[in-house]
Amino acid sequence: MTVKHILKELPVDLDYHRLPRHIAVIMDGNGRWAKRQGKPRVLGHQRGVDTLKDLLRCCKDWGIPALTVYAFSTENWGRPLEEVEFLMTLFERVLRRELKEMCKENIKIRFVGNLEVLPLSLQQEIARSMDDTKDNRDIDFTVATNYGGRQEILQACRAIAQKVASGLLKPEDITEELWESHLYTAGLNHPDLLIRTSGEMRISNFLLWQMAYAEIYVTETLWPDFDRIEFHKALLAYQGRERRFGKV
Ligand code: FPP
């Protein structure tokens with residue numbers, strides 16, 4: 001019997017009413033996982049996709065309505081060319097293969113980041129998957145691809161500055177709501193919980209504005225090994241925290 005089958009339902013020691021409504025994940029450790037097995041790094045990414053698929057299904061099974069994952073950062077272009085090309089092809093292949101299933105499972109997928117510089121065939125697959133799933137309601141699945149938090153903030157600043165310069169907006173119209181409507185994540189709640197695998201204690205330019213009050217959970221487990229048992233541990237830790245949002 002697999003972990004997936006054992007933990008199909010929300011574990012009884014978790015309180016359904018206090019689950020995070022939105023979870024962000026930094027899926028780190030694919031390369032190290034592969035290295036430990038004496039395999040090429042890219043195999044870790046391939047296994048990482050299986051982990052992601054099950055986490056998404058688990059969020060659905062347990063009643064968590066939004067999941068956002070960091071698939072490729074603006075800094076990841078600095079990796080060896082073969083690895084970057086492998087990742088771009090992997091994203092495209094996975095999207096093509098999983099689209100039907102995402103429609104069936106009522107998953108709404110959205111990509112955030114500077115998508116214009118991605119390979120054209122990937123951009124087309126992204127546009128198709130977002131369009132085909134736009135009316136789905138069970139879970140908001142967001143994939144940050146060529147995403148950088150500072151870059152997101154800069155593009156929002158530029159867009160708002162343009163509107164002010166052309167007289168469409170006045171400086172005093174710039175509220176938190178207006179600002180958020182210019183972010184890639186417009187319309188999404190802020191993450192309540194950030195999970196980072198493989199031990200690093202950083203947020204690495206991920207959702208800088210949105211993460212202001214997120215609880216951070218870091219585990220030594222490498223991403224390909226992050227299963228439902230590990231996810232359960234993360235949620236238990238989250239429910240053990242007292243969230244004060246700056247109050248006493
Ligand atoms: C970090 O591990 C992982 C990545 C840069 C890629 C993650 C992407 C996936 C799991 C595929 C997602 C696919 C879709 C379609 C959303 P690392 O290589 O930095 O590991 P290391 O720190 O051990 O080297």
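Up top you'll find the structure we're talking about.
Predicted model only: the values in this text are computed from it and were never measured.

Here Asn 146, not a glycine, exhibits a phi torsion of approximately 50 degrees, which is positive. Among the structural elements, Asn 146 can be located in strand S4 (residues 139–147). Notably, Ser 198 is not glycine yet its phi reads approximately 70 degrees, a positive angle. Classification of Ser 198 by relative accessible area gives buried; the value is 5%.

As enumerated under the stated definition, the model contains 10 aromatic pairs in all. The rings of Trp 62, Trp 223, Phe 226 and Phe 231 are connected pair by pair, giving a single aromatic cluster.

The topology assignment puts Tyr 70 in strand S2 (residues 66–73). C-alpha of Tyr 70 to C-alpha of Leu 95: the two residues are 25 residues apart in sequence and 16 Å apart in space. Apart from residues no more than four positions distant in its own chain, Tyr 70 is found in contact with Val 25, Ile 26, Met 27, Glu 75, Ala 144, Tyr 147, Gly 148, Ser 204, Asn 205 and Phe 206. Separated by 3.4 Å, the side chain of Tyr 70 and the backbone oxygen of Asn 205 make a polar contact.

The rules behind these values
Residues numbered from 1 in each chain as written. Predicted model: local features only at pLDDT ≥ 70, side-chain atom pairs only at ≥ 80, totals over all residues. Heavy atoms only, no water. Helix = DSSP H or I, 4+ residues; strand = E, 2+ residues; numbered from the N terminus. Buried < 20%, exposed > 50% of the residue type's maximum accessible area, 1.4 Å probe, protein only. Phe/Tyr/Trp six-rings, centres within 6.5 Å; stacked < 30°, edge-to-face > 60°. Contact = heavy atoms within 4.5 Å. Polar contact = N/O pair within 3.5 Å; in protein donor to acceptor, adjacent residues only side chain to side chain.

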